[in-house]
Amino acid sequence: MTKIAIMGAMEEEIEPLLAHFDNVNIVEFANNKYYEVSYKGVEIVIAYSKIGKVFASLTAATMIEKFECDTLLFSGVAGGINPKLKIGDLIIADKLCQHDLDITAFGHPNGFVPGGSVFVETSEKLRTIAKDVAKENELNVIEGTIATGDQFVHSSERKDFIESTFKADALEMEGASVAVVCDSLNVPFFVLRAISDSADGGADIDFDEFLKSSAINSANYMIKIVDKL
Ligand code: ADE
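This report concerns the structure included in the present document. (Residues numbered from 1 in each chain as written. Predicted model: local features only at pLDDT ≥ 70, side-chain atom pairs only at ≥ 80, totals over all residues. Heavy atoms only, no water.)

1. Examining the packing of aromatic side chains
Throughout the structure, instances matching the rule amount to five aromatic pairs. With 5.4 Å between their ring centres and 75° between their planes, phenylalanine 152 and phenylalanine 207 make a pair best called edge-to-face. Taken together, the positions of phenylalanine 152 in the loop between strand S8 (141-148) and helix H4 (156-166) and phenylalanine 207 in helix H6 (residues 203-226) put the pair 55 residues apart, joining distant regions of the chain. Overall, phenylalanine 152 belongs to the partly exposed group, its relative accessible area being 33%. Cluster of aromatic residues (ring-pair linked, three or more members): Phe119, Phe161 and Phe166. Over the aromatic face of phenylalanine 67 sits the side chain of lysine 66, whose NZ or CZ is 6.0 Å from the ring centroid. (Phe/Tyr/Trp six-rings, centres within 6.5 Å; stacked < 30°, edge-to-face > 60°. Helix = DSSP H or I, 4+ residues; strand = E, 2+ residues; numbered from the N terminus. Buried < 20%, exposed > 50% of the residue type's maximum accessible area, 1.4 Å probe, protein only. Lys NZ or Arg CZ within 6 Å of the ring centre and 35° of its normal.)

Structure below.
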């Protein structure tokens, strides 16, 4: 491992990561800022992509192709679907899908386009490290499916569709696009989220209230994982 990328989607998701490092070098590229740090002899590049699959894909590809990162980690918040997941709880994705990718009109399953696959799996090695770290620190972490789409989900109807179609445990707006980029470029990746809301009525209010505290939960766990890489 020579260079690690750590992404969030929003500034609030990377602020608590950046707080762990001094001597940050900022590089501007493609209307975004990339924060370079050296930590325990390892080079790390941190950035928030801005919300949604397009910005997240651009940032992931930039971190890999321009900054030459060979491992990509994502830290942030998600809406919970699995009833076991309460606000602040942590989920690591074993696989991700795009819940809003829809060419079912042509007989394909939801989330599928030719040349791709409905689900993209994260690195088993990184997940194992993350689970070991959780055990050591007595953190309660669920491993499950994360569904991604360019929608802030705030209705039981949409949430139920995503649950029943993809058996998803949580949903957000970037993970699966990062997964497709990393998988295509053969870069091991890992997606960690802490729950900020339950993706139904009132999700917008909970999101505003819990974004910061849940982003901190995710970032603190992520730093403990980085310590083991
Ligand atoms: N990220 C956190 N909560 C979310 C929600 N309800 N919908 C989409 N992305 C989210």
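2. Looking at the nonpolar core
With 37 residues, the main nonpolar core has Met7, Met63, Leu72, Leu96, Val178 and Phe189 as its most contacted residues. Dropping the residues within four chain positions of it, methionine 63 is found in contact with Ala5, Ile6, Met7, Tyr34, Val45, Ile46, Ala47, Glu68 and Cys69. In terms of nonpolar packing, the next biggest core, distinct from the first, is built from 28 residues, Ile14, Leu73, Ala134 and Tyr221 among them. (Core = buried A, V, L, I, M, F, W, Y, C linked by side-chain atoms within 4.5 Å. Contact = heavy atoms within 4.5 Å.)

3. Structural notes on H4
Among all positions in H4, only Lys159, Ile162 and Phe166 are buried. The buried residues of H4 occupy an angular sector of 70° when projected down its axis, which confines them to one face. For H4, the elements touching its buried residues are strand S5 (71-80), strand S6 (90-98), S8 and strand S9 (170-172). Positioned one or two residues after H4, lysine 167 has a phi angle of 50°, which is positive. (Arc of directions from axis to C-beta.)

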